[in-house]
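Residue-level structure breakdown
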Amino acid sequence: MADSKQDQADKLKAAGAGKAHGHVAKGHVASGDGQTRRSFISWVVVGWAAFAACMGGLATITMRFFAPNVLYEPQQTFRAGAVSEYAPGEVSTRWKSKFGIWIVRLDDRVVALSTICTHLGCTPNWLASEQKFKCPCHGSAFRMNGINFEGPAPRPLERHKIYLDDEGIMVVDKTVSFRQERGQWDEPESFVAV
Amino acid sequence: MAEEEKKDFWARFFGSYIWKSIFRVGIPRDRRGRLMQVLSNFFLHLHPVSLPKHAVKLKYTWCMGGLSFFLFIVLTFTGVLLMFYYRPTIEYAYNDVIDLRETTPMGIMREIHRWAAHLMVIAVWFHMFRVFMTGSYKAPREFNWCIGVVLLTFTLLLSFTGYLLPWDQLAIWAITVGSNMAAATPFVGQEGPGVALLSIGNVNLIGRTSDARFLLLGDTSIGAGALLRFYVFHCVFFPLIAVFFMVVHFWRVRKDGGISGPV
Ligand code: HEM
Ligand code: FES
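Residues numbered from 1 in each chain as written. Chains lettered and ligands numbered in written order. Predicted model: local features only at pLDDT ≥ 70, side-chain atom pairs only at ≥ 80, totals over all residues. Heavy atoms only, no water.

Looking at the overall build of chain A
- Looking only at helices and strands, one finds three helices and 11 strands in chain A.
- Each helix and strand of chain A, ordered N terminal to C terminal, gives the series α-α-β-β-α-β-β-β-β-β-β-β-β-β.
- Put simply, chain A has 194 residues, and 35% of those count as buried.
- Of the contacts formed within chain A by residues at least 6 apart in sequence, a portion of 42% connects residues at least 24 apart. (Helix = DSSP H or I, 4+ residues; strand = E, 2+ residues; numbered from the N terminus. Buried < 20%, exposed > 50% of the residue type's maximum accessible area, 1.4 Å probe, protein only. Contact = heavy atoms within 4.5 Å.)

Some details on empty space enclosed by the protein
- Following the criterion strictly, the structure yields one cavity of 30 Å³ or more and no others.
- Space inside the largest cavity adds up to approximately 30 Å³.
- When its residues are assigned to classes, the lining of the largest cavity shows six nonpolar, three polar and no charged. (1 Å grid on protein atoms, 1.4 Å probe; cavity = no way out; pocket = protein on both sides within 12 Å on 5 of 7 lines; lining within 4 Å. Points joined across faces, edges and corners; volume = space filled by probe spheres on them. Nonpolar A, V, L, I, M, F, W, Y, C, P; charged D, E, K, R; others polar.)

Topic: the site of ligand 1
All names here are of chain B.
- Near ligand 1 lie 26 residues; those nearest to it are His127, Arg130, Gly148, His249 and Ser260.
- Between an oxygen atom of ligand 1 and a side-chain N or O atom of Ser136, the distance comes to 3.2 Å.
- Between ligand 1 and Ser260 there is a distance of 2.8 Å, counted from an oxygen atom to a side-chain nitrogen or oxygen.
- Taking a 2 Å distance to the grid points as the criterion, the majority of the atoms of ligand 1 fall inside the second largest pocket.
- Of all the secondary structure elements, the ones that give two or more residues to the shell around ligand 1 are helix 5 (64-82), helix 7 (108-133), helix 8 (142-164) and helix 11 (224-255).
- Here the residues of the shell around ligand 1 sort into 13 nonpolar, 11 polar and two charged. (Near = heavy atom within 4 Å. Polar contact = N/O pair within 3.5 Å; in protein donor to acceptor, adjacent residues only side chain to side chain. Sits in = over half its atoms within 2 Å of the grid points.)

Some words on the coordination of the iron atom of ligand 1
- Ligation of the iron atom of ligand 1 by protein atoms is provided by His127 of chain B (NE2) and His249 of chain B (NE2), these donors lying 2.0 to 2.1 Å from the ion.
- Accessibility expressed as a relative area gives 12% for His249 of chain B, which makes it buried. (Donors = N, O, S within 2.8 Å, 3.2 Å for Na, K, Ca; no water.)

Quick word on the state of the cysteines
Residues and elements named next belong to chain A.
- Counted according to the given criterion, the structure contains one disulfide over all chains.
- What pairs with Cys122 in a disulfide is Cys137, and their sulfur atoms sit 2.0 Å apart. As the torsion about the S-S bond is roughly -85°, the Cys122-Cys137 disulfide counts as left-handed. Residue Cys122 is found in the loop between strand 4 (109-114) and strand 5 (125-127), and its partner Cys137 is found in the loop between strand 6 (132-134) and strand 7 (141-142); the two are separated by 15 residues along the sequence.
- The exposure class of Cys122 is buried, given its relative accessible area of 2%. (Disulfide = S-S within 2.5 Å.)

Considerations on the side chain of Arg159 of chain A
All names here are of chain A.
- Among the structural elements, Arg159 can be located in strand 9 (residues 159-164).
- In this structure Arg159 is buried but unpaired, with Asp186 as the nearest side chain of opposite charge at 7.0 Å.
- From its side chain, Arg159 meets the backbone oxygen of Asn145 in a polar contact 2.8 Å long.
- Excluding residues within four positions of it along the chain, Arg159 makes contact with Leu106, Arg109, Val111, Ala112, Leu113, Asn145, Val176, Ser177, Phe178 and Trp185. (Lys, Arg positive; Asp, Glu negative; His and termini not counted. Salt bridge = Lys/Arg side-chain N within 4 Å of Asp/Glu carboxyl O.)

A closer look at unusual backbone geometry
Residue and element names in this part refer to chain B.
- At the junction of Ala139 and Pro140, the peptide bond is cis and its omega measures out at 5° in the coordinates.
- With respect to the helices and strands, the residue Pro140 is situated in the loop between helix 7 and helix 8.
- Here Cys63, not a glycine, exhibits a phi torsion of approximately 55°, which is positive.
- Along the chain, Cys63 falls in the loop between helix 4 (58-61) and helix 5.
- Judged by its relative accessible area of 36%, Cys63 falls in the partly exposed class.

Points about the interface of chain B and chain A
- On the side of chain A, 14 residues touch chain B, which itself brings 15 residues to the contact.
- Overall, the association of chain B and chain A removes approximately 1200 Å² of surface from exposure, summing both partners, and the carbon and sulfur fraction of that is 64%.
- Considering only the side of chain B, the residues that lose the most area to chain A are Trp173, Val177 and Leu215 of chain B, jointly responsible for 38% of the buried surface there.
- Our enumeration of links across chain B and chain A arrives at two salt bridges.
- The partner of Arg155 of chain A in a salt bridge is Glu191 of chain B, with the nearest N and O atoms 3.7 Å apart. (Buried area = accessible area lost by both parts, 1.4 Å probe.)

A closer look at the confidence of the model for chain B
- Averaged over every residue, the pLDDT of chain B is 92; residues scoring 70 or more account for 99%.
- Confidence metrics for the complex model read pTM 0.84 and ipTM 0.77. (pLDDT = per-residue confidence, 0-100.)

Side note on the pattern of salt bridges
- Counting across every chain of the model gives 19 salt bridges over all chains.
- The salt bridge involving Asp165 of chain A is made with Arg79 of chain A; its shortest N-O contact spans 2.8 Å. Placement of Asp165 of chain A in the loop between strand 9 and strand 10 (170-178) and of Arg79 of chain A in strand 1 (residues 77-81) is noted, with a sequence separation of 86 residues between them.
- Here Glu181 of chain A ties to Arg179 of chain A by a salt bridge, and the two come within 3.4 Å at their closest N and O atoms.
- Judged by its relative accessible area of 38%, Glu181 of chain A is partly exposed.
- In the salt-bridge network here, residues are joined through shared partners; they are Arg155, Glu158, Arg179 and Glu181 of chain A together with Glu191 of chain B.

A closer look at helix 5 of chain B
All names here are of chain B.
- The end-to-end C-alpha separation of helix 5 is 26 Å, in line with the 27 Å expected for 19 residues at 1.5 Å each.
- Of the positions making up helix 5, those classed as buried are Met64, Ser68, Leu71, Phe72, Val74, Leu75, Thr78, Gly79 and Leu82.
- Of the surrounding secondary structure, the elements contacted by the buried residues of helix 5 are helix 4, helix 6 (93-102), helix 7, helix 8 and helix 11. (Expected span 1.5 Å × (residues − 1).)

Considerations on the pairing of strand 3 (residues 101-105) of chain A
Residue and element names in this part refer to chain A.
- Most of strand 3 is tucked away: five of the five residues are buried.
- What you see with strand 3 is no split at all: Ile101, Ile103 and Arg105 on one side and Trp102 and Val104 on the other are buried throughout.
- Where strand 2 (residues 91-92) meets strand 3, two bridges bridge the pair, whose relative direction is antiparallel. If you follow Ser92 over to strand 3, its bridge partner there is Ile103.
- Counting the residues that bridge the hairpin from strand 3 to strand 4 gives three residues. (Pairing = 2+ DSSP bridges.)

Below, the structure is given as structure tokens:
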């Protein structure tokens, strides 16, 4: 051991003292350019924090990139014709493939049933002979009014907003839905009375 | 005379500048030579220079990890070939797949790809099973088990995304069902538990066009967007990530002391 610890510290101090702003707090080892260990470490922290912030920002905008602003899906509202075009007790598949809606004329009302199975989203088929909607994916079935009674579907089919416009034509608005299990099927916008 | 010329030729060949630039060490004639050969060759260095005897026993590893990797290579090769014919659009996808079967020369590549895909999923499960049964997940291999779980996930994700590409009824409805499960993710799926907590007043932060399912499909239902997205995930994104984890996996097998042994 040629130098004692004290000798080394003195040498380093001497090296730092030559600078104009080489102010060195007691007990902090300075390198030639006035950098102390403390300032070095705080720069490292700032640097890593900045890097982490950039990466976080990048991750955020990457996720945002995956959510498009414009969708090319069928119109969410459409005119479904007059009530008289649907016979009592009829399940109409007229708008099924275009808009994903069954117009169902029940005893006292016309409703717009969603064609999306409440299990995992397949499209059930209306089986007129058995008077039920049957889903080909896992066998859920729904009655004409949309109530589930068979298979894994946990809740009834959703109904969408339906109302009469100025000319007495029914308009379906798919952006609004009504769920039986939430007690929404009696809300006035969920059906057109007959 | 001819014999001598032949010998001369090979001697000149192996002694040539080109040969020596590729193979630094000479033909291995002893253990040290073989060792040097393995260590100085990129492809051979992936393997240890020596192995415990039990590690090469089929009875112990079933070679299931190796088979998984082999199938992955088969899938990469045939998959890249399929990319030369298959177009991921609603107009073409289904017909291109039919064409691959009916008219494309060596269209059997598609069948190989599909069979290998099924086999790889099976092989990975069996590999996991044997690792479990031999207790090879125990220290010091816990971390590699976790890497393995990531690999299993990506194997299944590759299988799932590839499933949509033929664009037939089975594909569309299977992915409809599968992606609807994403809508049930806690907090980030619109029908998942906890979404109600992520709302301000009456406005839900996570909805039909902002949940995990939407990010996955790029749409509210399976359509052109989802097909293209799954294609890119399937052909580029997931294989790259899987390769990355495989590299770490294999490296860790070595660093954790090679194939585990009977206690
Ligand atoms: C893409 C999928 C995978 C590939 C290509 C792969 C490949 C391999 C290979 C080649 C080995 C060498 C030993 C052998 O062949 O059995 C290995 C070992 C190992 N794998 Fe995997 N693997 C995969 C998935 C998994 C999974 C899903 C797990 C478990 C969750 C796992 C856990 C392990 C462990 C712990 C070892 C060390 C076993 C020992 O030392 O005996 N791997 N893997
Ligand atoms: S999606 Fe209809 S029964 Fe599963």
